[in-house]
Amino acid sequence: MAFSLFGKRKPDSEATDEGKDLEAQEQPTEKRGFFDRMRQAVTRTRDTFSESIGSVLALTREIDEASLAELEMVLLASDLGGPTAKTIIENLRQRGLRQGIEGGEELKRLLKIELKAVLDQVATADVAPASAPEVVMMVGVNGTGKTTTTGKLAALYRGEGRTVLLCAADTFRAAAIEQLEVWATRSDVPMIKTKTGGDPSAALYDACTAAKARGTDVLIVDTAGRLHTKTDLIKELDKMRRTAERLVPGAPHQTLLVMDATTGQNGLQQARLFTEAARVTGIVLTKLDGTAKGGIVLAIATELGLPVKFVGVGEKMEDILPFDSGAFVESMVK
Ligand SMILES: Nc1nc2c(ncn2[C@@H]2O[C@H](COP(=O)(O)OP(=O)(O)OP(=O)(O)O)[C@@H](O)[C@H]2O)c(=O)[nH]1
Ligand SMILES: [Mg+2]
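Here, residues in each chain are numbered from 1, in the same order as that chain's written sequence. Going through the entries in the order they are written, you letter the chains from A and number the ligands from 1. Confidence filtering applies because this is a predicted model: local features only for residues at pLDDT of at least 70, side-chain atom pairs given and counted only at 80 or more, and all residues used for totals across whole chains, interfaces and linings. To obtain the side-chain values, all non-hydrogen atoms of the structure were included, while hydrogens and water were left out.

Q: What am I meant to see in the packing of helix H4 (residues 82-99) against helix H5 (residues 103-120) here?
A: In a packed pair of helices, the relevant descriptors are the angle between the two axes and the axis-to-axis distance. To define axes, lines are fitted to C-alpha atoms, for helices over the stretch in contact only, and angles between the resulting N-to-C directions are given on a 0 to 180 degree scale. Under the DSSP-based scheme used, a helix requires at least four consecutive residues in state H or I and a strand at least two consecutive residues in state E, with every element numbered from the N terminus. Relative to each other, H4 and H5 sit at 135°, their axes nearing to 10 Å. Judged by the angle between their axes, H4 and H5 are oblique. Crossing of H4 against H5: the hand is right-handed. For the pair formed by H4 and H5, the contact residues are Thr 84, Ile 88, Asn 91, Leu 92 and Arg 95 on the first element and Leu 107, Arg 109, Leu 110, Leu 111, Glu 114, Leu 115 and Val 118 on the second. Amino acid classes used here: Ala, Val, Leu, Ile, Met, Phe, Trp, Tyr, Cys and Pro are nonpolar; Asp, Glu, Lys and Arg are charged; the rest, including Gly, are polar. For the contact of H4 with H5, a count of residues per class yields seven nonpolar, two polar and three charged. When an angle is under 35 degrees it counts as roughly parallel; over 145 it counts as roughly antiparallel; between 65 and 115 it counts as roughly perpendicular; any other value is oblique. Here a crossing is called left-handed whenever its near helix is offset anticlockwise from the far helix by less than a right angle, and right-handed whenever the offset is clockwise. Throughout, a residue-residue contact means that at least one pair of heavy atoms, one from each residue, lies within 4.5 Å.

As structure tokens, then:
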């Protein structure tokens, strides 16, 4: 059944430029490069998403209840999550009833606005701490990409002209320290470590003391992979946090939960339990290059209430992007 009210159109005088194609706007070269890399990373998500969306929103088709229901299925298939998909569809329906939505292209434009609003709702500003160092803790379950991201972030911050110190606080897994050492060499930053089986808080104590003495801008702490169910490991995180807090005012300034995008809704469930146990301030979503389920970025916003701060788009040092909601939405919806 067609939605008669969807035909109504807002008078031109009331038209605003909200949601104007972000991509079409003038972008500085650096921003362009960023766009291209984001586009590249979400290729699989976009292809799947756009293909299904294309069939729902074919230009000539009337936007009705049935097409909204189909659109909801497309959103769900990209791992956007039930509550988010429902809210977005309801907002579109209300918009349609109020002002009308003329055809697929307009619906797509409005969809982008809705998606971006979901992301911007949880965005947080990066505030530099009153005094150095800024302490950033990387936490998360095994194999999500904590060590790799620690190395990439070191290079990114260094590229911004900040001084960096790494702390190898994964003393749990054999070879973890050596793995971080390779990254420290690659990004040319110093690293503080202890031996495997040692106390991670002791390593962190040394790292905080060294960072303060050297006037280092950022201290990034790589920790052992753990599940929220491993009480001793969660306690260990707590101890680390208290150690940092004692030595550096306001530390840890950021606790970034590293999540693997390819684990989709399962990863989200794990993350939910994890954020309850650790005081997570933001998410790093890795392996976005390897999944068609990029919609998880939106589920993170609504279901965890946390901002994605960085995305991992490959295994190399430069394969990290500070998250940008506009670029992400434009990359995902074609
Ligand atoms: N394709 C892709 N691979 C990634 C990305 N980030 C990390 N990886 C790969 O994921 C694997 C695990 O990465 P690690 O950094 O060792 O993960 P971890 O969380 O430190 O693992 P544990 O210390 O064992 O808990 C490695 O093979 C990385 O190369 C990414 O953004 N994209
Ligand atoms: Mg690791």
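That covers the picture; the talk isn't over yet.
Q: In this structure, what is going on with the sheet that holds strand S2 (residues 164-169)? I would like to understand it.
A: Pairing between sheet strands relies on hydrogen bonds along the backbone, with the strands arranged either parallel or antiparallel. One open sheet holds the eight strands; their spatial order is S3-S2-S4-S1-S5-S6-S7-S8, and the pairing between them is mixed. Every other strand in the sheet has two partners, leaving strand S3 (191-193) and strand S8 (320-322) as the edge strands with one partner each. Recorded for the sheet is a direction-independent mean angle of 20° between the axes of neighbouring strands. A pair of strands counts as paired when DSSP detects no fewer than two bridges linking them. Inspection of the sheet shows strand S7 (residues 308-312) paired to S8 by three bridges, in the antiparallel sense. In the strand pairing of S8, Phe 310 is matched with Pro 322. Contacts between helix H8 (residues 200-214) and the sheet are confined to strand S1 (134-139), S2, S3 and strand S4 (218-223), with S2 contributing the most and set at about 170° to the helix. Against the sheet, helix H10 (residues 264-277) engages S1 and strand S5 (254-260), with an angle of about 155° to S5.

Q: Any chance you could explain the nonpolar core here in plain terms?
A: Burial of nonpolar side chains together is a common tendency in soluble globular proteins. What is meant by a nonpolar core is a set of buried Ala, Val, Leu, Ile, Met, Phe, Trp, Tyr and Cys residues, joined one to another through side-chain atoms within 4.5 Å. Relative accessibility decides the category of a residue: with a 1.4 Å probe and only protein chains considered, values under 20% of the type maximum give buried, values over 50% give exposed, and everything between is partly exposed. Counting 77 residues, the largest nonpolar core has Leu 204, Leu 219, Met 259, Leu 285, Ile 300, Val 311 and Phe 328 as its most contacted members. Sorting elements by how many residues they give to this core places helix H11 (residues 296-304) first, with seven residues. In terms of nonpolar packing, the next biggest core, distinct from the first, is built from 20 residues, Val 136, Leu 153, Leu 166 and Ile 220 among them.

Q: Hey, could you run me through the site of ligand 1 in this one?
A: Whether a residue is near a molecule or strand depends on its heavy atoms: if one lies within 4 Å, it is near. The environment of ligand 1 is made up of 19 residues, and the closest members are Lys 146, Thr 147, Thr 148, Asp 289 and Glu 315. A 3.5 Å cut-off defines polar contacts: any pair of N or O atoms within that distance qualifies, except that in protein one atom must be a possible hydrogen donor and the other a possible acceptor, and neighbouring residues in sequence count only when both atoms are side-chain atoms. The contact in question runs from a nitrogen atom of ligand 1 to an N or O atom on the side chain of Asp 289, over 2.8 Å. Within the contact set of ligand 1, an oxygen atom lies 3.3 Å away from a backbone nitrogen or oxygen of Gly 312. Here, Shrake-Rupley sampling with a 1.4 Å probe gives the accessible areas, and only protein chains in the shown set may cover a residue. Surface burial for ligand 1 is 81%, taken as the share of its 660 Å² of free accessible area covered by protein chains. The rule is simple: put a 1 Å grid over the protein atoms alone, call a set of points where a 1.4 Å probe fits but cannot get out a cavity, call an open set with protein on both sides within 12 Å along at least five of seven lines a pocket, and count a residue as lining if it has an atom within 4 Å of a point. Assignment of a molecule to a cavity or pocket requires that more than half of its atoms lie within 2 Å of the corresponding grid points. Judged by the proximity of its atoms to the pocket grid, ligand 1 belongs to the second largest pocket. In terms of residue count, the dominant contributor to the shell around ligand 1 is helix H6 (residues 146-159) (four residues). Class assignment for the residues of the shell around ligand 1 results in one nonpolar, 11 polar and seven charged.

Q: Can you help me understand the pairing of S2 in this one?
A: Consecutive side chains of a regular strand alternate in pointing toward one face of the sheet and then the other. For S2, a buried count of six out of six residues is recorded, marking the element as mostly surrounded by other parts of the structure. Taking every second residue as pointing to the same face, both faces of S2 are buried, with Val 164, Leu 166 and Ala 168 on one and Leu 165, Cys 167 and Ala 169 on the other. Two strands pair when backbone bridges link them, and S2 and S4 are joined in this way by six bridges, in the parallel orientation. Within S4, the position partnered with Leu 165 by the bridge is Leu 219. A crossover gets the label right-handed when its path from the first strand over the helix to the second runs clockwise, viewed with the strands pointing away from the viewer. Once the chain exits S2 it traverses helix H7 (residues 176-186) before rejoining the sheet at S3, and the crossover so formed is right-handed.

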